[in-house]
Every structure is written in C-alpha cells, then in structure tokens.
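Close look at the chain arrangement
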Amino acid sequence: MAQIEEVSIEQYKHLVSERALTGETMLLNMGPQHPSTHGVLRLLLELDGEVIVNAIPDIGFLHTGVEKNMEAKTYQKAEVMCDRLDYMNTVGNNLSYCLAVEKLVDLDVPERAQAIRVVLTELQRIASHLVWVGTFGLDLAAMSMFLYAFRERELILDILELCSGQRMMTTYIRPGGLWRDVPVEFEAAVRNFIKIFPKRVDEYENLLTKNPIFLDRLLGIGKLTKETALSHGVTGPSLRASGVNWDLRKARPYSGYEQYDFNVPVRTEGDTYARYLVRIQEFRESLKIVEQALNKLPMGPVRSDNRKFVPPPRSEIGVSMESLIHHFKLWTEGFPAPKASIYSAVESPRGELGVYLEGDGGPKPYRVHWRTPSFDNLSVIPKIVKGHLVADLVGILASIDIVLGDIDR
Amino acid sequence: MSVLEPVVELVRGLGQTFRYLFDRPVTYQYPEQKREVRPRFRGRHVLKRYDNGLEKCIGCSLCAAACPADAIFVEASENTDEKRFSPGERYASTYEINMLRCIYCGFCEDACPTEAIVLGDNYELSFTDRRSAIYPKEMLLEPVPTVDMTTPRKVETGVYKRSVPEMKDPTD
Ligand code: SF4
Ligand code: SF4
C-alpha cells in the first residue's frame, strides 16, 4: 500500500498568511474532485469563517503530455492530440494548429475551406459558451439552464457529426484545408440552427439576466480590473468584460475574419455579471458571423492541391502511380517542415489560443508549445476572490470559464 | 426598480420552465431507443470484401503506419491462386485493432489504399478485460456475400493481379 504522507502547515507557510500558522484561519481543500471546479482543479483555500483570505490553485492533475506527444508524431498525425487539449473547443484547436502548420510550411488554403472553417469554429464557440452558461447556471443553482443549454449544444454537435463523423474529437480541419467537403445536409442544418437559436438565447435571458437571485449572486462579485487582467495575460471574454477591446478576430484577422461584419461585445464593470453579459452577447455575434459566412460560401475545392503536403484524392490513387507514391509517403513519413519557428494564435471561446511550432527540417516538430487561455485566465483567481464568500468563489471560477484539459495539457 | 420587478422576473423565469412541461421531450430513452448516427460516423471498424468475396485488405500496413495511437497490428503473407485471400500478391494474415488504444480518428480509413478498413456505425463497444479489447481479423472482417465466396479459395490463375483498385472519391 502506498504511504500516505502527512502534510503539515509548515509546507504551506510561504503561501498562506501569518494567521493560518496560529490557527486563526483555516486551510481547506476545494477539489481536486469537486463538482464546481469544472475538472480536476484543486484550490487550497485559507478561510476566515466563510470569507476567503487566500486561494491557491494547484494544477496538473490532468496532465497528459500533449505537447511532448505531439513532438513524437509527424505534423499530420500530431493533429489528433490537439483535439484532446481543450475538449470544449476541438474545432478551434484544430484550426489554430493547422494555421500554424500552414504558416510553417507555407501552404495555401482554398477560399471555401476557409469559410467552412469559420462557420464551424463559430458554431463551436457557441457550443462552448453553451456549456459555459449551462454549468454557470448550475453552479449558481439554476438547474434548468443546464438542461436547456445542452439541448441546443446537441444541435451543434450533430452538425459536427454530420461533417466529420465525430461529435467532439472532430479532426475535421486538416493542414491545407478540410478532411472532406461538407455533406449536402450541412447548409440546411446550419440554417435551421440560425433560425431557432436567437429565440433560445432570449429564453436564457428570460431565465437569468434579470433574475433577482442571479443578480444578487453576481453583481459586484469577483471584480477584475483592467490593470490586473492585462498584467496577468487574461484574454477572451473575461478580458473584454473588464473594458479592454481585444479580440484576435478583429485585431489579427485569420481565415478571412476581416470580411465579416460583427461587433466585439465589451463591458467595463469587470465583475461576474459583466462576464456573463459579454458571453450572452457573443452568442448573437457569432451567429451573425455564421450566417454571413454561410451566405457567401464560395464553391470550389476544400483542400490544397499541393501534393507534397496534402494526400491526393482517392480517385487518383488507383490510376496514378505518382499519387500512390505521394499517398504512401505522406501517411508513413509525413512531410518535412523547414528549420524555423512560428507562433500563430486564434481567438478561442476562452481567449488567445496560440501554438508555437519549431521545425527542425524533419517531418516531426522539434518543439510544440501551446499558449492556452485557461492557464493564464486561472492565474487571476487568487487576486479576485479575496474577501468573497466560498459560495461566490464557485461563481467566480465558473465565470472565468476554465477548461482543465486546456490548463494542464 | 420597483418592489414588484424582482417578482415579475421570477415569474417570467418560472413561466419559461413551465411552458416546457407541454413540449415534446428531446431526450432519447437509450438503450431502448437509439439515436441514428450520421453516415460519416466513425465507430467500430469493419474490414471490407469485394463483391466477389475476396478481402480488400492487401496487408500493406499503411493503416498501422498512419494510426496516431498505434492501435493496429498487421502481418502480411503471400497469396497464391490456389489459396487466395485478396487480389494481388499479399494479404493480411494477422490483423488486430486494439479498441482501447483507438481514438476513432479515421486516419486508417483515409490511409488505406484499397478502402479495406472502414469505420462503421457501431459505437457500443464494451469489454470485460483488456485482452478482449483487441479485435482480431475474424471479428473485424465482414461476412461473405454468399456462402461459396469464403476466403481462402482457389481462383483462376492470373486474374487477380492488381492489388490497388480504381476508386471513387467518398461523398459521405
Ligand atoms: S481510427 Fe485512428 S486510432 Fe483508431 S485504428 Fe484507425 S487510425 Fe488508429
Ligand atoms: S487495411 Fe488497408 S491500409 Fe491496412 S493493411 Fe489492409 S490494405 Fe493496407
């Protein structure tokens, strides 16, 4: 049997206040197995009665070695790892990885593929925010919110299954374009979603936005100032709720985002309620982008025809020796990338999701590093929960929208 | 804000949930009632056969090379016209997929040059031990179209020489 190590307060001396040493305040573990920490996150709380004096996040329980694993695979095969990173934003992860690879090897992506990428990542953003609003409601005891949000998310997951054959781990976006073109039912399914979803958002707002209990628990709670947010590298809706207008889709457009007309919701209050409002508003803005992209979906190929990087279509394999050779070579050896390092970032539902790739001339990346938004966003938690009640911590943590797969990698 | 407003808001929210009492449920009573999967669904693998019953798999191991999870093991042996399994020179004498390792990414299907391995629509995979999660060729291979088309079988000499067939681009 494993030895259970006894921990003493001495080990935590540097993290907690003086009062904890004398026993005046209490140390309490929240997590790693706790329904409100949204994954396996442990928070070591120093409490004065119900009031939080200190909160120390302890991460790493979900460490899966994604980055190292990717370094052991060819560029093409490594992509499956990034689906498993932030499991609420799989399409966005694929997009950020593929953009990075495309930048590294200088690969072009057809227009149609870009537009479909935008449609799917925006749908995925909505799905991610749906999970967020559902669990946020659940944490604040609004149970029906959870059920409604998951009902709508199902429609999006169905669209993803339609395209890629998987509801979550899609691997649909590939370096150089997409896996295959979207099926014929795709457009109708997305249009159907565009039609019903705005009404559903109204329903959520009916339930939550002005609900007095909800307001009581959110207004003025977990205030994140602009300065703290910027100094901790907070990005995404949490940053925009603190009055900073920073969205990579506007600031550093990729995949043709500059063609679409949408607003970036910004609030200045910086509290939990502002973060809620920003995300609700993002539902509507994302839907706008989806609709625009769908309306001008160009026809044409969905993958680059550069045979050095993209496997040939199936119809060529049986008739052309050259294609067969390319096919075998790409699936066994992969394609070499130049000796260079690049960073490319996209706006994920949680903030700036960046990937750093370093090629060493071979078919496998020498180094992969993910700059994940949840990791940076979590770092402000100790700053903003001080002085609040334990019950509020649950709401604050939920409002930051962390995904542990994204933090621990 | 008037004193009444919070009450109005509460009633509004309650009304919202109340309305759904009379709506059709969106849930499925699994396992009695199953949701149909989409045509592209990536579930348990199937090893396909040609219409004449010969196996499509030529034992080239490309699926095993493409698999990011190293879930596939292939061992190839020689075909003869006396004992023919598949067109061409070789066939897979051992073909195993470890369903616990597999992540259902579909790369094997993409890589296979003969459309032999295909991800089917069965998602109800359960095992009681690790050993039984390794599916051998017998479990993966689809049944023969008619009883006389079993493999290996004796065929006319010199007909089945071509291992990679002509194929169409997949549409769904
Ligand atoms: S689906 Fe993916 S993980 Fe599973 S056997 Fe095929 S290539 Fe390997
Ligand atoms: S299934 Fe396809 S790729 Fe795998 S060994 Fe057989 S023919 Fe080759």
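Remember, it's a predicted structure, so these values are computed and weren't measured experimentally.

Let us now look at the overall build of chain A. Each helix and strand counted, chain A has 18 helices and 8 strands in total. In terms of overall dimensions, chain A is globule-like: its C-alpha atoms have a radius of gyration of 23 Å, near the 22 Å expected for 409 residues. For chain A, the spread of C-alpha atoms along the three principal axes comes to 80 × 50 × 40 Å. Taking all 409 residues of chain A together, the buried fraction comes to 49%. Long-range contacts, defined as pairs at least 24 residues apart, comprise 68% of the intrachain contacts of chain A with a sequence gap of at least 6.

So, on to the site of ligand 1. Around ligand 1 there are 13 residues in total, and Cys-67, Cys-102, Cys-105, Phe-107 and Cys-108 of chain B lie nearest to it. Taken together, the residues that form the shell around ligand 1 break down as 12 nonpolar, 1 polar and no charged.

Considering the arrangement of structural elements, one finds Asn-89 of chain A in the loop between α3 (75-83) and α4 (90-105). Contacts of Asn-89 of chain A, omitting those with residues within four sequence positions, involve Gln-124, Ser-128, Ser-348 and Pro-349 of chain A.

Reports often express the size of an interface as the amount of accessible area lost when the parts come together. Contacts between the two partners involve 31 residues from chain B and, on the opposite side, 31 residues from chain A. Of all the secondary-structure elements, those providing two or more residues to the side of chain B that touches chain A are α1 (4-19), α2 (62-66) and α3 (107-111) of chain B. A per-element tally of the side of chain B that touches chain A places α1 of chain B first, with 7 residues. Of the residues belonging to the side of chain B that touches chain A, the class tally is 18 nonpolar, 4 polar and 9 charged.

What follows is about the domain arrangement of chain A. All names here are of chain A. The assigned domain composition of chain A is domain 1 (9-58) and domain 2 (66-304 + 337-408). On a C-alpha basis, the centroid separation for the pair domain 1 and domain 2 is 30 Å. Contacts between domain 1 and domain 2 engage 15 residues on the former and 18 residues on the latter. No other element matches the 7 residues that strand β3 (residues 51-58) contributes to the side of domain 1 that touches domain 2. Of the residues assigned to the side of domain 1 that touches domain 2, the class counts are 9 nonpolar, 5 polar and 1 charged.

By the criterion of burial, α3 of chain A is predominantly enclosed, with 9 of the 9 residues buried. Buried residues along α3 of chain A sit against α2 (66-71), α4, β4 (173-174), α14 (321-332) and β8 (365-371) of chain A together with α3 of chain B.

Attention now moves to the sheet that holds strand β7 (residues 351-359) of chain A. Residue and element names in this part refer to chain A. Taking strand neighbours across the sheet as the criterion, the 3 strands line up as β6-β7-β8 in an open arrangement whose pairing is antiparallel. Looking at strand neighbours, the two that pair on one side only are β6 (341-348) and β8, the edges of this open sheet. The average undirected angle you get between the axes of adjacent strands in this sheet is 15°. In this structure, β7 lies alongside β8, joined through 6 bridges in antiparallel fashion. Looking at β8, one finds that Val-355 is bridged to Trp-370. Against the sheet, α4 contacts β6 and β7, and its axis sits at roughly 150° relative to β6.

Looking at ligand 2, there are 14 residues lining it, with Cys-57, Cys-60, Cys-63, Cys-112 and Ile-117 of chain B nearest. Within the shell around ligand 2, the residues separate by chemical class into 11 nonpolar, 3 polar and no charged.

Residue and element names in this part refer to chain A. Relative to the 16 Å expected for 12 residues at 1.5 Å per residue, α14 spans 17 Å between its end C-alpha atoms, a close match to the ideal helical length. Those residues of α14 that sit buried are His-326, His-327, Leu-330 and Trp-331. For α14, the buried positions fall inside an angular range of 115° around the axis, keeping them on one side. Facing away from the buried surface of α14 by more than 90 degrees, the exposed residues are Met-321 and Glu-322. Just downstream of α14, Gly-334 is the residue with a positive phi angle, here 85°.

In this section: the packing of helix α7 (residues 185-207) of chain A against α1 of chain B. Axis angle and axis distance: for two packed helices, these are the angle between their axes and the distance between the axes, and together they describe the pair. Closest axis-to-axis distance for the α7 of chain A/α1 of chain B pair is 8 Å, and the angle between their directions is 135°. By the angle between their directions, the pair α7 of chain A and α1 of chain B is classed as oblique. Contacts between α7 of chain A and α1 of chain B pair Glu-203, Asn-206 and Leu-207 of chain A from the former with Arg-12, Gly-13 and Gln-16 of chain B from the latter. Here the residues of the contact of α7 of chain A with α1 of chain B are counted per class, giving 1 nonpolar, 3 polar and 2 charged.

Turning to the confidence of the model for chain B, a few remarks are in order. Here chain B shows a mean pLDDT of 86. Residues at 70 or above account for 99%. Complex prediction metrics read pTM 0.89 and ipTM 0.86.

Okay, the environment of Ile-381 of chain A next. All names here are of chain A. By the secondary structure assignment, Ile-381 is in helix α16 (residues 381-385). Given 22 C-beta atoms within a 10 Å radius, Ile-381 is considered buried. On a C-alpha basis, the gap between Ile-381 and Ile-400 in space is 8.4 Å, while along the polypeptide they are 19 residues apart. Residues contacting Ile-381, with those up to four places away along its chain left out, are Ala-55, Pro-57, Leu-397 and Ile-400.

Residues and elements named next belong to chain A. Between helix α12 (residues 272-295) and helix α17 (residues 390-400), whose axes approach to 9 Å, the crossing angle comes to 35°. The handedness of the crossing between α12 and α17 comes out as left-handed. Packed against α12, whose contacting residues are Thr-272, Arg-275 and Tyr-276, the element α17 presents Gly-395, Ile-396 and Ser-399 at the interface. Tallied by class, the residues present in the contact of α12 with α17 amount to 2 nonpolar, 3 polar and 1 charged.

Moving on: the environment of Ala-71 of chain B. All names here are of chain B. Its location among the elements puts Ala-71 in the loop between α2 and β2 (72-78). Given 23 C-beta atoms within a 10 Å radius, Ala-71 is considered buried. Here the alpha-carbon distance between Ala-71 and Ile-97, two residues 26 residues apart in the chain, equals 5.5 Å. In this structure Ala-71 touches Ile-97, Asn-98, Arg-101 and Cys-102, once residues within four positions along its chain are discounted.

Ranked by size, the top nonpolar core spans 137 residues in total, and within it Val-119 of chain A together with Cys-63 and Cys-108 of chain B carry the most contacts. No other element matches helix α5 (residues 111-139) of chain A, which puts 14 residues into this core. In contact with Cys-63 of chain B, not counting residues within four places along its chain, are Ile-72, Cys-108, Ala-111, Cys-112 and Ile-117 of chain B.

In the segment running from Tyr-30 of chain B into Pro-31 of chain B, the intervening peptide bond is cis, with an omega of 0°. Position of Pro-31 of chain B relative to the elements: it lies in the loop between α1 and β1 (45-47). Phi is positive for Asp-401 of chain A, close to 60°, though the residue is something other than glycine. Relative to the elements of secondary structure, Asp-401 of chain A occurs in the loop between α17 and α18 (404-408). Unusually for a residue other than glycine, Tyr-104 of chain B sits at a positive phi of about 55°.

About the cut-offs
- Residues numbered from 1 in each chain as written.
- Chains lettered and ligands numbered in written order.
- Predicted model: local features only at pLDDT ≥ 70, side-chain atom pairs only at ≥ 80, totals over all residues.
- Helix = DSSP H or I, 4+ residues; strand = E, 2+ residues; numbered from the N terminus.
- Rg over C-alpha atoms; globule rule 2.2 N^0.38 Å.
- Buried ≥ 20, exposed ≤ 12 C-beta atoms within 10 Å, placed from the backbone.
- Contact = placed C-beta atoms within 7 Å.
- Near = placed C-beta within 6 Å.
- Nonpolar A, V, L, I, M, F, W, Y, C, P; charged D, E, K, R; others polar.
- Domains from an automatic or database assignment.
- Pairing = 2+ DSSP bridges.
- Axes fitted to C-alpha atoms, helices over the stretch in contact; angles between N-to-C directions.
- Expected span 1.5 Å × (residues − 1).
- Arc of directions from axis to C-beta.
- Parallel < 35°, antiparallel > 145°, perpendicular 65-115°, else oblique.
- pLDDT = per-residue confidence, 0-100.
- Left-handed = near helix turned anticlockwise from the far one by under 90°.
- Core = buried A, V, L, I, M, F, W, Y, C linked by C-beta atoms within 7 Å.

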